[in-house]
Protein chains: 2
Amino acid sequence: MAVNVVESKEWYLAGYAAEGVPTTDHLTLRSVPLSLSLDSIPDAYVAVQLLFISVDPYLRTRMSGQEDGLYFPQFSLNQVITAFGVGRVMRSKDEKYSEGDIVLNAFFPVAEYCVVPSSVLIRKIDPEAGIPLPEYLSCLGVPGFAAWVGIEVLGEAKPGSNAFISAAAGGVGMVAGQLAKLKGCRVIGSTGSDAKVRLVKEEFGYDDAFNYNKEVDFDATLSKYFPNGIDIYLENVGGKMLEAVLNHVNPHARIPVCGMISQYNQIWTEREGVRNLLNIVGKEVRMEGFLVGSYLDRFADFTVEMEGYLKQGKISSKIKIYEGIQNFAESLGSLFSSSNFGKVVIEVNKPR
Amino acid sequence: MAVNVVESKEWYLAGYAAEGVPTTDHLTLRSVPLSLSLDSIPDAYVAVQLLFISVDPYLRTRMSGQEDGLYFPQFSLNQVITAFGVGRVMRSKDEKYSEGDIVLNAFFPVAEYCVVPSSVLIRKIDPEAGIPLPEYLSCLGVPGFAAWVGIEVLGEAKPGSNAFISAAAGGVGMVAGQLAKLKGCRVIGSTGSDAKVRLVKEEFGYDDAFNYNKEVDFDATLSKYFPNGIDIYLENVGGKMLEAVLNHVNPHARIPVCGMISQYNQIWTEREGVRNLLNIVGKEVRMEGFLVGSYLDRFADFTVEMEGYLKQGKISSKIKIYEGIQNFAESLGSLFSSSNFGKVVIEVNKPR
Ligand SMILES: NC(=O)c1ccc[n+]([C@@H]2O[C@H](COP(=O)([O-])OP(=O)(O)OC[C@H]3O[C@@H](n4cnc5c(N)ncnc54)[C@H](OP(=O)(O)O)[C@@H]3O)[C@@H](O)[C@H]2O)c1
Ligand SMILES: NC(=O)c1ccc[n+]([C@@H]2O[C@H](COP(=O)([O-])OP(=O)(O)OC[C@H]3O[C@@H](n4cnc5c(N)ncnc54)[C@H](OP(=O)(O)O)[C@@H]3O)[C@@H](O)[C@H]2O)c1
């Protein structure tokens, strides 16, 4: 017989973290009873068991309680926070969804179970497609799409371009480097540990990579790795690395600006100022920010291309899975300590 | 009988000015004898009497003796400096040019007379076209073209766009504001004195303008002038103004980066760091540097359009003319003291 009330663990925001990495002082786990009985579910709603939750840098910017530069709304105090995720429909009051459907949502509660309007579901996933479910949050999801927009659309990657990718070992970086290689670029990455440098070179096929925590002078580092200058810089980190890059750009370089994670833990007036923006004029650089949500008209093209690469083994994927929702705060913290490898995901419940 | 030797006054670089506005310690006038006799002129050279010299901000960056971000080669010590100018051919050893031709060159010596290879001449000007010669250095020259590239090509000015133009009363700014108005934008300018605020509003048709020297908090100023945010920012000044603008940009704003004159008198490590570049991501801003030299394939389109506007009186032009080459250092200094109005030009010799 089907369960009608569950205890659902969920993460809520106990306080804003203006600066620094949010801790369990700011993010707190609680357990709430949730009725899953059909008559308690409103029309056009579904009850969902969460399977996988995507742990993404932008979540941190929704916990600062102030204008941040990414402009996602701040999470409300004492409310459950939300994230991209994959879940399984348990009960449905919408004829388009049935029990057992695997569904994707950009704003699932970070919880074990939830009842949500069916209108928020992005789509159903076909489990017979042979793609592991977490991949829909990785290469086939937001990070993979961000990498594609950055490298193929805005970066205009061409054979022989010199491409530099920061946060190279993360969800976006791992895909971006491989896409740039497939387009014939020479690709160099930066990341935060020697183990991740090895990962990037050995598993993701980067031509070379360096550990920025060991480099004292980024300018000298880039001179060494880019004797012929930089044509494309996929910007994931901001601050001093961007400043160094701007001293090494070639004429007409492209800088797709995907994120600036090194600046997410400070209020904006405390962030690192970039002093050499004048190089943008002399080198005629195009620096362009983007949010994947603005490129949804290209998502189908992307999906076809990326599924092809995955099936042909042309893109390799690494996913770091934390088991159990209790690990959310720790997994979010891992994004800021270089302890994550590849795409970070939480397995909330085992898929059957 | 034609003169065969002239005394030509010329400005040479006596020393680099790493910081601050170059003075006569760095820029020095001297008089040199120059032979204009036909047999002293090499084949494919012409002797030219300079008529007008364009006084431009980038000239300052060629006098710093260090990497500057605009990447024009540094002037050599003790050599005559060069500038955009209009001259009259006095003697010619190239059959394409005859005595009396009015010619344009991007790199004329800043001198009263010169002998140059005819290959450096950009083109002949038809004095019968009815356009005053200095206009070829202003609305129809580099500043006008820069304004056109910034507003029409990269800025994608559309009816209803909110456009902000810094250095609004200068050579680029006066044209840019009028072009943006012609495209149907709401146009606000910033400039350095109350008299220039009046000029911008009364002669160049800006909807409004402010004196940045009187504003203590650019952020508050922009809130006041842009209640609906900024769609296009033609960047001429850089530093704190750019930072303030980035707090007021609308989604998908364009920032054509024409120059950053507030930063030309410092070495790059001393320049004002911009701390809120993360807004480029959240607002999906496109910030693009340009040099007019890269858009020469569009110069003919521009010329047709601009000549039309000038003839129809749709664009009004203001040119500040300094009489005599001895005023070069002072006129260059005027670009940094808000004492210039419109495009600054030196009349070296009276056209006949
Ligand atoms: N625009 C969009 O639509 C969009 C979509 C997805 C992601 N993004 C952005 O893309 C970037 C990467 O996201 P992701 O999901 O792929 O995350 P991720 O790379 O998997 O994780 C974040 C990584 O950032 C690096 N990092 C953390 N603090 C840093 C610092 N102070 N300096 C330099 N690197 C630091 C860490 O790697 P190291 O070990 O290398 O330090 C960490 O692994 C982020 O800026 C994110 O906001 C944007
Ligand atoms: N990219 C290209 O191909 C190209 C071509 C031409 C020009 N440019 C650039 O376009 C800009 C305007 O050039 P222009 O020829 O039209 O010169 P301009 O505006 O006629 O003269 C420069 C003006 O800059 C302003 N200024 C000086 N110091 C400043 C400061 N610290 N803060 C704010 N404003 C300051 C002054 O006006 P205020 O009284 O308003 O302070 C001055 O009148 C410059 O940055 C120049 O380098 C670029």
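Residues numbered from 1 in each chain as written. Chains lettered and ligands numbered in written order. Predicted model: local features only at pLDDT ≥ 70, side-chain atom pairs only at ≥ 80, totals over all residues. Heavy atoms only, no water.

Examining the site of ligand 1
Residue and element names in this part refer to chain A.
Stage number 1. Taken together, 27 residues lie around ligand 1, and Val172, Lys196, Tyr212, Tyr264 and Asn340 are the ones closest in.
Stage number 2. Residue Cys258 places a main-chain N or O atom 3.0 Å away from a nitrogen atom belonging to ligand 1.
Stage number 3. Between Tyr264 and ligand 1, the recorded distance is 2.7 Å, taken from a side-chain N or O atom to an oxygen atom.
Stage number 4. Counting residues per element, the ones that place at least two in the shell around ligand 1 are helix H2 (142-154) and helix H3 (171-182).
Stage number 5. For the shell around ligand 1, the residue count by class is 16 nonpolar, 10 polar and 1 charged.
Stage number 6. Shared between two domains, the shell around ligand 1 takes at least three residues from each, and those domains are domain 1 (5-138 + 317-347) and domain 2 (142-293). (Near = heavy atom within 4 Å. Polar contact = N/O pair within 3.5 Å; in protein donor to acceptor, adjacent residues only side chain to side chain. Helix = DSSP H or I, 4+ residues; strand = E, 2+ residues; numbered from the N terminus. Nonpolar A, V, L, I, M, F, W, Y, C, P; charged D, E, K, R; others polar. Domains from an automatic or database assignment.)

Brief notes about the packing of aromatic side chains
Stage number 1. Under the defined criterion, the tally for this structure stands at 24 aromatic pairs over all chains.
Stage number 2. Pairing Phe299(A) with Phe302(A) gives two aromatic rings, centres 5.4 Å apart and planes at 50 degrees, and the pair type is tilted. Of this pair, Phe299(A) and Phe302(A) both sit in helix H8 (residues 299-311), 3 residues apart, roughly one helical turn.
Stage number 3. A relative accessible area of 23% means that Phe299(A) is categorised as partly exposed.
Stage number 4. One cation-aromatic arrangement involves Arg30(B) over Tyr12(B); the distance from NZ or CZ to the ring centre is 4.0 Å.
Stage number 5. Over the ring of Tyr97(B) we find Lys124(B); its NZ or CZ atom is 5.5 Å from the centre of that ring. (Phe/Tyr/Trp six-rings, centres within 6.5 Å; stacked < 30°, edge-to-face > 60°. Buried < 20%, exposed > 50% of the residue type's maximum accessible area, 1.4 Å probe, protein only. Lys NZ or Arg CZ within 6 Å of the ring centre and 35° of its normal.)

Considerations on the UniProt feature "domain: Enoyl reductase (ER)" (unreviewed entry) in chain A
Stage number 1. Per the UniProt record, "domain: Enoyl reductase (ER)" (unreviewed entry) is found at residues 23-346 of chain A.
Stage number 2. For the annotated span residues 23-346 of chain A, helix accounts for 24% and strand for 27% of the residues, and the straight-line distance between the end C-alpha atoms is 17 Å. (UniProt positions renumbered as here; feature names shortened; annotations may be inferred.)

Digging into the pattern of salt bridges
Stage number 1. One pass over the full model with this rule turns up 32 salt bridges over all chains.
Stage number 2. Close ionic contact of Arg286(A) with Glu288(A) constitutes a salt bridge, the shortest N to O distance being 3.7 Å. For the pair formed by Arg286(A) and Glu288(A), the shared burial category is buried.
Stage number 3. For the salt bridge of Glu112(B) with Lys9(B), the shortest nitrogen-to-oxygen distance reads 3.8 Å. Here Glu112(B) is found in the loop between strand E5 (102-109) and strand E6 (113-117), whereas its partner Lys9(B) is found in strand E1 (residues 5-13), with 103 residues between them in sequence.
Stage number 4. Judged by relative accessible area, Lys9(B) falls into the partly exposed class, the value being 32%.
Stage number 5. Among the charged side chains, a salt-bridge network with shared partners connects Glu156(A), Arg286(A) and Glu288(A). (Salt bridge = Lys/Arg side-chain N within 4 Å of Asp/Glu carboxyl O.)

Describing the site of ligand 2
Residues and elements named next belong to chain B.
Stage number 1. Neighbouring ligand 2 are 27 residues, the closest being Val172, Lys196, Tyr212, Tyr264 and Asn340.
Stage number 2. Between ligand 2 and the protein, one listed contact pairs an oxygen atom with a backbone N or O atom of Gly171 at 2.9 Å.
Stage number 3. The backbone of Val292 places a nitrogen or oxygen atom 2.9 Å from an oxygen atom of ligand 2.
Stage number 4. Computed on the free molecule, ligand 2 has an accessible area of 890 Å², of which 90% lies beneath the protein chains in the complex.
Stage number 5. Counting only elements with at least two residues in the shell around ligand 2, the list comes to helix H2 (142-154) and helix H3 (171-182).
Stage number 6. Here the residues of the shell around ligand 2 are counted per class, giving 16 nonpolar, 10 polar and 1 charged.
Stage number 7. Counting the residues that make up the shell around ligand 2, at least three belong to each of domain 1 (5-138 + 317-347) and domain 2 (142-293). (Areas by Shrake-Rupley, 256 points an atom, 1.4 Å probe, with all protein chains shown as cover.)

Describing the sheet that holds strand E9 (residues 186-191) of chain B
Stage number 1. Judged by pairing direction, the sheet is mixed, and its 12 strands sit side by side in the order E10(A)-E9(A)-E8(A)-E11(A)-E12(A)-E13(A)-E13(B)-E12(B)-E11(B)-E8(B)-E9(B)-E10(B) without closing on themselves. Every interior strand has two partners, whereas the edge strands, strand E10 (208-211) of chain A together with strand E10 (208-211) of chain B, have only one. Strand-to-strand, the axes of this sheet are offset by a mean angle of 15 degrees, without reference to chain direction.
Stage number 2. Where strand E12 (residues 249-257) of chain A meets strand E13 (residues 286-289) of chain A, 4 bridges bridge the pair, whose relative direction is parallel. Looking at the pairing, Arg254(A) lines up with Arg286(A) of E13(A).
Stage number 3. Strand contacts of H2(A): strand E8 (162-165), strand E11 (230-234), E12 and E13 of chain A, with the helix running at about 150 degrees to E12(A), the strand carrying the most contacts.
Stage number 4. Contacting strand E8 (162-165), strand E11 (230-234), strand E12 (249-257) and strand E13 (286-289) of chain B, H2(B) runs over the sheet at an angle of about 150 degrees to E12(B). (Pairing = 2+ DSSP bridges. Axes fitted to C-alpha atoms, helices over the stretch in contact; angles between N-to-C directions. Contact = heavy atoms within 4.5 Å.)

Re the relation of the copies chain A and chain B
Stage number 1. Here chain A sits on chain B after a turn of 180 degrees about the axis and a move of 0.0 Å along it, with an RMSD of 0.0 Å. Expressed as an axis order, the relation between the two copies is that of a two-fold axis. In terms of C-alpha distance to the rotation axis, chain A has Gly273(A) as its closest residue, with the C-alpha 1.9 Å off the axis.
Stage number 2. A share of 100% of interface residues in chain A that are also interface residues in chain B marks the association as one of identical surfaces. (Least-squares fit on C-alpha atoms with pLDDT ≥ 70 in both.)

Things to note about helix H8 (residues 299-311) of chain B
Residue and element names in this part refer to chain B.
Stage number 1. The end-to-end C-alpha separation of H8 is 18 Å, in line with the 18 Å expected for 13 residues at 1.5 Å each.
Stage number 2. Against H2 and H3 lie the buried residues of H8.
Stage number 3. Just downstream of H8, Gly313 is the residue with a positive phi angle, here 70 degrees. (Expected span 1.5 Å × (residues − 1).)

Describing the domain arrangement of chain A
All names here are of chain A.
Stage number 1. One can read the domain layout of chain A as domain 1 (5-138 + 317-347) and domain 2 (142-293).
Stage number 2. Using C-alpha coordinates to define each centre, domain 1 is positioned 29 Å away from domain 2.
Stage number 3. Contact with domain 1, which involves 24 residues of that partner, is made by 23 residues of domain 2.
Stage number 4. Of the roughly 1900 Å² buried between domain 1 and domain 2, counting both surfaces, carbon and sulfur atoms make up 60%.
Stage number 5. Among the residues domain 1 hides against domain 2, the three largest losses belong to Lys318, Ser338 and Phe341. Together they make up 23% of the total.
Stage number 6. If you look at where domain 1 meets domain 2, you find 0 salt bridges.
Stage number 7. Joining domain 1 to domain 2, the criterion identifies 8 residue pairs in polar contact (both at pLDDT 80 or more).
Stage number 8. Looking at side-chain class alone, the side of domain 1 that touches domain 2 contains 10 nonpolar, 9 polar and 5 charged residues. (Buried area = accessible area lost by both parts, 1.4 Å probe.)

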